[in-house]
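Structural characterization, general
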Amino acid sequence: MVADFSLLPPVNAILAEQAAKEAEAKFGHSATVDAIRAALADERILIKAGRTPRTSNVLAMMALERLEVDARSTMRAVFNLTGTILHTNFGRAQLPEVAIENAVNAMRNAVSLEYDLESGERGERDDHLRELICELTGAEDATLVNNNAAAVLLVLNTLAGKQGESIISRGELIEIGGAFRMPDIMESAGCKLIEVGTTNRTHLADYEKAINEETALLLKVHTSNYRIEGFSSSVTTKELAALAATKRVPLMEDLGSGTLVNLVAFGLPYEPTVQDVIKAGADIVTFSGDKLLGGVQAGFIIGKQEFVARVNKNPMKRSLRVDKVRLAALEAVLRAYRNEEKRNATIPTLRYLSRNQSDIAHQAADLCAKISDFFQPAYRVEICSCNSQVGSGAMPMETLPSYGISISPVDPAVSLTELAYRLRQLPKPVIGRMHANRLVFDLRCLDDTNGFVNNLEKLS
Ligand SMILES: *Cc1c(COP(=O)(O)O)cnc(C)c1O
């Protein structure tokens, strides 16, 4: 059979359709013509396969849809139902509304970023955060850089950059992920790495013996992402701070996640808070802005004034600085911390951490009834208990009991890969956790139940 293309409408006829006019208004004439040509090319392939040509109206709508899909951001909002609260692949912390508003204000307007409105003279970008973070942590001074990796690099380079001996326990020479390995970062910063102790046990005397005239700093790294069980011991910040003070060398502590609230309140084991470490006498402390703090990507450098001042004089600091949008967001997050009664509700990271199991169980029961029809009869839809993780390397061993919806194929030979794919193609992609031949939606981080149901309707 010879394909008959004569019934295909010409470009001009399609351009006259309402949908094409809409496309022209939104995306411009030439992009619309290109999209129509592409739709026609696809149509020719289908006609060759024996299909009758579609009308100019339908082809115009196809061209419009093509343009709309193409105009969509590739960074899409997703439903993170993996049960990992701070998922690095999904952008870690979600921001409180107040932070979003403050960030939008900074995006839309000229702002007093480095301008003192009292005197009419130049101000400092750190001023917006310094007082707040010092009030919340008890530190004397503070500054901010691009992320915690940058904070660690900058502090090391400032205090020990000229081959200054930097003493660290062998048990704390960790890899955070990617190429961020403590020994490498110390080398890149220009430090001379002095390892003390053993993998499982390091004592105060080990540090003491290693200190000499060349010692530039003592470094303590919070080993958030792994744990040694059994016969192990490490030296506390308090003990190290006392030693550092006697020997007149600074003590730096990289806290990694760095929480401002005691995690015991959420049913997690105790982790030193930023305040605890400052109180214990660390001279300079670094931590992330988008891990447990619940803000944006940033690295806090806080502690004694003389050391923060030295960091600020390092020429590298300028290349690691934070922009006005992130500063505005973080300022609002820190203000939200001031309200102890409300912060667990207003800051999403704390809200997810503090959600209790029975609240999630109610949500699961409600949701299971509403979404079962979208999956049945091919899949079994059930409420299940599951375990959420904090994420971003923080406490990988500890989980928070949660509830979810489990989807499993009735026919065990059916794989879930295709369903998982279709869920990722939804207007708001849904990402669950695959476990054996089950797909689990952990509901701990699901705020918008109705939006989730409406979105799933498009699955068919
Ligand atoms: C996560 C982490 C870092 C890196 O922090 P980013 O904000 O991701 O750059 C550094 N040190 C420790 C101990 C960490 O846990």
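Above this text sits the structure in question.
A few points on the structure. (Residues numbered from 1 in each chain as written. Predicted model: local features only at pLDDT ≥ 70, side-chain atom pairs only at ≥ 80, totals over all residues. Heavy atoms only, no water.)

**Here we look at the environment of Ala63**
The topology assignment puts Ala63 in helix H4 (residues 56–71). What makes Ala63 buried here is its relative accessible area of 1%. Spatially, the C-alpha atom of Ala63 lies 6.0 Å from that of Ala39, the residues being 24 residues apart in sequence. With sequence-adjacent residues up to four places away left out, Ala63 is seen in contact with Ala35 and Ile36. (Helix = DSSP H or I, 4+ residues; strand = E, 2+ residues; numbered from the N terminus. Buried < 20%, exposed > 50% of the residue type's maximum accessible area, 1.4 Å probe, protein only. Contact = heavy atoms within 4.5 Å.)

**A short note on the pattern of salt bridges**
Per the counting criterion, the structure on display carries 22 salt bridges. With a shortest N-O distance of 3.5 Å, Arg130 and Glu124 are connected by a salt bridge. You can call Glu124 partly exposed: its relative accessible area is 41%. Here Glu418 ties to Arg422 by a salt bridge, and the two come within 3.6 Å at their closest N and O atoms. On the criterion of helical spacing, the pair formed by Glu418 and Arg422 is a turn pair, its members being 4 residues apart in helix H17 (residues 417–424). On the accessibility criterion, Glu418 (46% relative accessible area) is partly exposed. A relative accessible area of 31% means that Arg422 is categorised as partly exposed. Among the charged side chains, a network of salt bridges with common partners joins Glu124, Asp127, Arg130 and Asp141. (Salt bridge = Lys/Arg side-chain N within 4 Å of Asp/Glu carboxyl O.)

**A short note on the pairing of strand E12 (residues 284–288)**
Most of E12 is tucked away: 5 of the 5 residues are buried. Here E12 shows a buried face lined by Ile284, Thr286 and Ser288 and a second buried face lined by Val285 and Phe287. The pairing of strand E11 (residues 251–256) with E12 spans 4 bridges and is classified as parallel. Bridge pairing in E12 links Glu253 to Val285. Crossover handedness for the path E11 to helix H11 (residues 274–279) to E12: right-handed. Pairing analysis gives 5 bridges linking E12 to strand E13 (residues 299–303), with the strands arranged antiparallel. In the strand pairing of E13, Val285 is matched with Ile302. (Pairing = 2+ DSSP bridges. Right-handed = clockwise from strand over helix to strand, strands pointing away.)

**Topic: the sheet that holds strand E6 (residues 165–169)**
Adjacent strands of a sheet form backbone hydrogen bonds with each other and so pair up, either parallel or antiparallel. Overall, mixed pairing links the 7 strands, which are arranged E5-E13-E12-E11-E10-E6-E9 in an open sheet. Either end of the sheet is taken by a strand with one partner, and the two such strands are strand E5 (141–145) and strand E9 (192–196). Each adjacent strand pair in this sheet contributes to an overall mean axis angle of 25°, direction not counted. Bridge count for E5 against E13 is 5 bridges, and the pairing is antiparallel. Note on E13: the bridge partner recorded for Ala142 is Ile302. Where helix H12 (residues 305–313) meets the sheet, it contacts E5, E12 and E13, and its direction lies at approximately 30° from that of E5. (Axes fitted to C-alpha atoms, helices over the stretch in contact; angles between N-to-C directions.)

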